[in-house]
Amino acid sequence: MHDTLPLLKKTPFPALRRAQLDTLQVNLGYKCNQSCLHCHVNAGPNRTEMMDADTMALIPQVLAARGLGTLDLTGGAPELHEGFRDLVRSARAQGVRVIDRCNLTILFEPGQEGLAEFLAAQGVDIVASMPCYSAANVDKQRGEGVFDLSIAALQKLNQLGYGQAGSGLLLNLVYNPQGPSLPPGQQALQADYKRELLAHFGIVFNELYALTNMPIQRFGSTLVSKGTFDGYMDLLKSSFQEQNLAGVMCRNTVSVDWQGWLSDCDFNQQLGLPLGTTGLQRHLRDLLSSGIDEQPIRVAGHCYGCTAGQGSSCGGALEH
């Protein structure tokens, strides 16, 4: 695995400061039932890092202490954590919106029986990875047979009300490019997804998020190996749009790793960059007594991935 952080540190990026914190994005662990080529977490079936019970218990406390409205759960496959369902119940009992970043195939893993029904009963928003509406492209990026399982999962979620008008159960899909290119326009691509998935599989969903691949971890290492890292960085920098700075996720979201350490975003977390610019590590428990609003954000060259073209965040294109 090539370390891309030294390359990213060479690239300056405009200074940013935090706005008001409203979202806690928590990585429950790196274990996953898939090993996707574009994964910036380098997750997979053989990863063993998982959040312990003491750190998990801090999450509802921090949500209450800081008055946060959204808990965004990610991984790996966050559902593989044995405390996932109890955490969801606790957050929903507090009236907090919960987002599950779901890879879809997890619904059919042994031990995950009833998962889809649980998510629906709790009113959890699902953000599901679906890099294309064609089998060949999905299986190339995510593994043989993933497309068929993903389609079956989406159909199951539709049957439970997800994506259906008036149900209140949000089902949003995520697109990532196949290689070192920017995603196409989100609205046009969303229209293509809705047409093709409905026509061929009877599937409906709410929105499509078109996300830019970050030049870090597995994807960044692949770029270095192929000699295309510099070219991709040039593309990101040349496509920079200053107006996207106002909407980047790091301004109102804090990222929590499986040990409870804080970073400005999920990408900084994977690069080992602690919250802020002091270099001092802060832990989830610190948010029980003090906030982080208006503090400076740690930036580097990968931040161009969020601000290039139409922009890219955990909620999709920034211009949208």
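Anyway, here's the lowdown on the structure attached to this text. Worth saying up front: this structure is predicted, and the values here are computed from it rather than measured. (Residues numbered from 1 in each chain as written. Predicted model: local features only at pLDDT ≥ 70, side-chain atom pairs only at ≥ 80, totals over all residues. Heavy atoms only, no water.)

1. What to know about the environment of Arg298
No. 1: Here Arg298 is to be found in the loop between β10 (296-297) and α11 (304-307).
No. 2: It is 39 Å that separates the C-alpha atoms of Arg298 and Ser167, two residues lying 131 residues apart in sequence.
No. 3: Beyond its immediate chain neighbours, meaning those up to four positions away, Arg298 contacts Asp264, Asn268, Leu273, Pro274, Gly276, Thr277, Thr278 and Gly279. (Helix = DSSP H or I, 4+ residues; strand = E, 2+ residues; numbered from the N terminus. Contact = heavy atoms within 4.5 Å.)

2. Side note on the packing of aromatic side chains
No. 1: Taken as a whole and assessed by the stated rule, the structure comprises seven aromatic pairs.
No. 2: Plain terms: the ring middles of Phe13 and Tyr304 are 4.8 Å apart, the flat faces sit at 80 degrees to each other, and that makes the pair edge-to-face. Note that Phe13 is positioned in the loop between α1 (5-9) and β1 (16-17) and Tyr304 in helix α11, a separation of 291 residues in sequence.
No. 3: Where Tyr133 meets Tyr193, the ring centres are 5.2 Å apart and the plane angle is 85 degrees; that geometry is what we call edge-to-face. (Phe/Tyr/Trp six-rings, centres within 6.5 Å; stacked < 30°, edge-to-face > 60°.)

3. Observations regarding the pairing of strand β3 (residues 70-74)
Where a strand is regular, its side chains alternate between the two sheet faces.
No. 1: Among the five residues that make up β3, five are buried, leaving the element largely enclosed by the rest of the structure.
No. 2: The alternating pattern of β3 places Thr70, Asp72 and Thr74 and Leu71 and Leu73 on opposite faces, both of which are buried.
No. 3: Pairing between strand β2 (residues 23-27) and β3: five bridges, direction parallel. Each bridged residue has a counterpart across the sheet, and for Thr23 the counterpart in β3 is Thr70.
No. 4: As paired elements, β3 and strand β4 (residues 97-102) share four bridges and run parallel to each other. Across the sheet, the residue bridging to Thr70 is Arg97, located in β4.
No. 5: Following the backbone out of β3, through helix α3 (residues 84-93) and into the adjacent parallel β4, one traces a crossover that is right-handed. (Buried < 20%, exposed > 50% of the residue type's maximum accessible area, 1.4 Å probe, protein only. Pairing = 2+ DSSP bridges. Right-handed = clockwise from strand over helix to strand, strands pointing away.)

4. Focus on the nonpolar core
No. 1: Counting residues in each nonpolar core, the largest one holds 59 residues, and the members touching the most others are Leu24, Ile59, Leu71, Leu173 and Tyr193.
No. 2: Within the second largest apolar cluster, 27 residues are counted, among which are Leu16, Met214, Met249 and Cys306. (Core = buried A, V, L, I, M, F, W, Y, C linked by side-chain atoms within 4.5 Å.)

5. Digging into α3
No. 1: Residues of α3 that are buried: Phe84, Leu87, Val88 and Ala91. Within α3, the buried residues cover an arc of 100 degrees as seen down the axis, which keeps them to one side. When the buried face of α3 is taken as reference, the exposed residues oriented beyond 90 degrees from it are Asp86 and Ala93.
No. 2: Residues of α3 that are buried make contact with α2 (53-65), β3, β4 and α4 (115-122).
No. 3: One or two residues past the end of α3 sits Gly95, with phi positive at roughly 80 degrees. (Arc of directions from axis to C-beta.)

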